[in-house]
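Below, each chain spelled out in residue letters.
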Amino acid sequence: MSQPKNALPMLLAVAAGLGAAAYFLLLNKEPVEKKKVADVPADTGSRIVDPAEPPGTSTATTNPAPTTVTPPAPTPPSRPDLPPPPAPGNAGSQQYRAQLQQIDNLPANEQYAARRKLLAEWVAVDPSAAVQALEQVPEDHRAGTLSAVAQAWGKVEPEAAAAWALELPQADSVRALAASVTGWFQVDRVAAKAYATELEPGPYRTEILKSMVANWAGPPRSAAEWLGTLQEGTGRNQALSSIFSQWGRTSPAMAEAWVMQSPHGNLRDHATVGLSRGLLTRDPGKALRYAQQIEDTGVKTMQLRSMVNDYARTCISCHRSGKPGCLREPVSGLPEHLVPAQQKSRVFNIVRRNLPK
């Protein structure tokens, strides 16, 4: 009977040890979970898409990819001052079909423009037949032709054009809706701007804003001021960069004045990105100085690395034309955390190989 008595303290000790171990495991569990939450990056707003992205491609900034929300088709107000929509089954389609077949006999470098022009005219006469004919367009000509058709249709029948665009596969759908709303914008700016303003953030809104700004019939200042009233986001940022890139090429002094008078923050940063791009071929040195004034580190890094990637072409152009503002010395002095030495070395070697000794 003495053995069970002697075993009791040992059993109690083992139970206490197991209880203590379980307690410490529970204590350690919550910090681990908190650390996992803390390690998930928050939405930090404007950040670079790709530090080495060459200029002329998708610009500016991006946020974590949102779920694409398909927007509603527009409901344009009644416009009795505009021509009525085309009647279905117009007899003129037979003539357009014959012309479309004849385009195959043109030189290859003339076929793309000819198809775009013909189908854009056709869709204003018989949308159903023109859309069917679009399926015959060669794949390498499809994107631009689709945009031309959607834009022409949007001018005369925006609701139908948008409904058709929204039924396409997403890549085509985004492009076609942007083009159709742009066509609508060209005949009813107020209604089209209101529609674009109310769209949810995402690829549709981004492409529509960029397309509208690219086809803005009026002073760039009015486009910039309208964009300044919109909610901050990728679409507004890219549209701002686009309009200031254009403005920086055509009226740099006015574009610079607008940027310098605007309040510090996201809007000014993305306007400065566009201004820097617009000035690059005119005055590379000034373009670089503007890029260095961007306050958001991610946006600044993206633009500086883009300029360094393009440095070889810019430098060779300056050398041959005698333009002011060579970038070699300023580029050499850019901090390593903004532009790595390896990237600088690569473009300097390209310049050395292409400039005369």
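Small disclaimer: the values here were computed from a predicted structure and weren't measured.

### Here's the deal with the packing of aromatic side chains
Two aromatic rings are characterised by how far apart their centres lie and by the angle between their planes. One pass over the structure, following the stated rule, counts seven aromatic pairs. Look at Phe-185 and Trp-216: their rings are 5.4 Å apart centre to centre, the planes differ by 40 degrees, and that puts the pair in the tilted class. On the criterion of sequence distance, the pair formed by Phe-185 in helix α7 (residues 170-187) and Trp-216 in the loop between α9 (203-214) and α10 (220-228) is long-range, its members being 31 residues apart. As far as burial versus exposure is concerned, Phe-185 and Trp-216 are alike and both buried. Among the aromatic residues, those joined into a ring-pair cluster are Phe-185, Trp-216 and Trp-226.

### Let's talk about the nonpolar core
Most often, soluble globular proteins keep nonpolar side chains buried together rather than apart. Counting 78 residues, the largest nonpolar core has Trp-164, Ile-208 and Phe-244 as its most contacted members. Tallying contributions element by element places α7 first for this core, with eight residues. Beyond its immediate sequence surroundings of up to four residues, Trp-164 is in contact with Val-131, Leu-134, Leu-146, Ala-150, Trp-153 and Ala-176.

### Regarding helix α18 (residues 341-354)
Under the 1.5 Å per step criterion, the end-to-end length of α18 is 20 Å for 14 residues, consistent within 8% with the ideal 20 Å. Those residues of α18 lying buried are Gln-343, Lys-344, Val-347, Phe-348 and Val-351. Seen end-on, α18 carries its buried residues on one side only, within an arc spanning 125 degrees. Away from the buried face of α18 by more than 90 degrees, exposed residues Gln-342 and Arg-353 are located.

### A word on the side chain of Ser-276
Positionally, Ser-276 belongs in helix α13 (residues 266-279). Taking relative accessible area as the criterion, Ser-276 reaches 0% and is therefore assigned buried. There is a polar contact of 2.9 Å between the side chain of Ser-276 and the backbone oxygen of Ala-287. At a separation of 3.2 Å, a polar atom in the side chain of Ser-276 contacts the side chain of Gln-303. What Ser-276 contacts, discounting residues up to four positions off in sequence, is Ala-287, Tyr-290, Ala-291, Gln-303 and Met-307.

### Concerning α13
A rise of 1.5 Å per residue sets the reference length of α13, with its 14 residues, at 20 Å; its end C-alpha atoms lie 20 Å apart and thus fit the reference within 8%. α13 sits mainly inside the fold: 14 of its 14 residues count as buried.

### Side note on the confidence of the model for the chain
Overall, the prediction assigns the chain a mean pLDDT of 79, with 72% of residues at 70 or greater. Contacts for the low-pLDDT stretch residues 7-16, under 50 throughout, to residues beyond four places or in other chains number zero contacts. Every residue in residues 20-66 scores below 50 in pLDDT, and together they form 51 contacts with partners more than four places removed in sequence or on other chains.

### Overview of the packing of α7 against α9
One can describe the packing of α7 onto α9 by two numbers: an axis separation of 8 Å at closest approach and a directional angle of 40 degrees. Between α7 and α9, the angle is such that the two are oblique. Handedness of the crossing formed by α7 with α9: right-handed. On α9, the residues touching Gln-170, Ser-173, Val-174, Leu-177, Ala-178, Val-181, Thr-182 and Phe-185 of α7 are Pro-203, Tyr-204, Glu-207, Ile-208, Ser-211 and Met-212. In the contact of α7 with α9, the residues fall into nine nonpolar, four polar and one charged.

Calculation criteria
Per chain, residues are indexed from 1 in the order of the written sequence. In view of the model being predicted, local features appear only for residues whose pLDDT reaches at least 70, and side-chain atom pairs are presented and counted only at 80 or more, with totals across whole chains, interfaces and linings using the full set of residues. Calculation of side-chain values draws on the structure's entire complement of heavy atoms; hydrogens and water are dropped beforehand. Pairs were defined over the aromatic rings of Phe, Tyr and Trp, the Trp ring being its six-membered one, requiring ring centres within 6.5 Å. Orientation was assigned from the angle between planes: stacked under 30 degrees, edge-to-face over 60, tilted for the rest. Only DSSP runs of H or I covering at least 4 residues are called helices, and only runs of E covering at least 2 are called strands; the numbering of each starts at the N terminus. The cut-offs for exposure are 20% and 50% of the maximum accessible area for each residue type, with area from a 1.4 Å probe on protein chains only; residues under the lower value are buried, those over the upper are exposed, and the others partly exposed. Here, the term nonpolar core denotes a set of buried Ala, Val, Leu, Ile, Met, Phe, Trp, Tyr and Cys residues that are joined through side-chain atoms within 4.5 Å. Note on contacts: a residue pair qualifies if any of its non-hydrogen atoms lie within 4.5 Å across the two residues. Expected span, for any helix, means 1.5 Å times one less than how many residues it has. For this quantity, the arc is that covered by the directions from the helix axis to the C-beta atoms. What qualifies as a polar contact is a pair of N or O atoms within 3.5 Å, subject to a donor-acceptor requirement within protein and to the restriction that residues adjacent in sequence count only when both atoms come from side chains. pLDDT expresses how confident the predictor is about each individual residue, on a scale running from 0 to 100. Every angle, taken between N-to-C directions, lies between 0 and 180 degrees, and every axis is a line fitted to C-alpha atoms, over only the stretch in contact when it is a helix. For classification purposes, angles smaller than 35 degrees are called roughly parallel, those larger than 145 roughly antiparallel, those between 65 and 115 roughly perpendicular, and all remaining angles oblique. Left-handed is the label given to a crossing in which the near helix is rotated counterclockwise from the far helix by less than a right angle, and right-handed is the label when the rotation is clockwise. Residue type decides the class: Asp, Glu, Lys and Arg count as charged, Ala, Val, Leu, Ile, Met, Phe, Trp, Tyr, Cys and Pro as nonpolar, and the leftover types, Gly among them, as polar.

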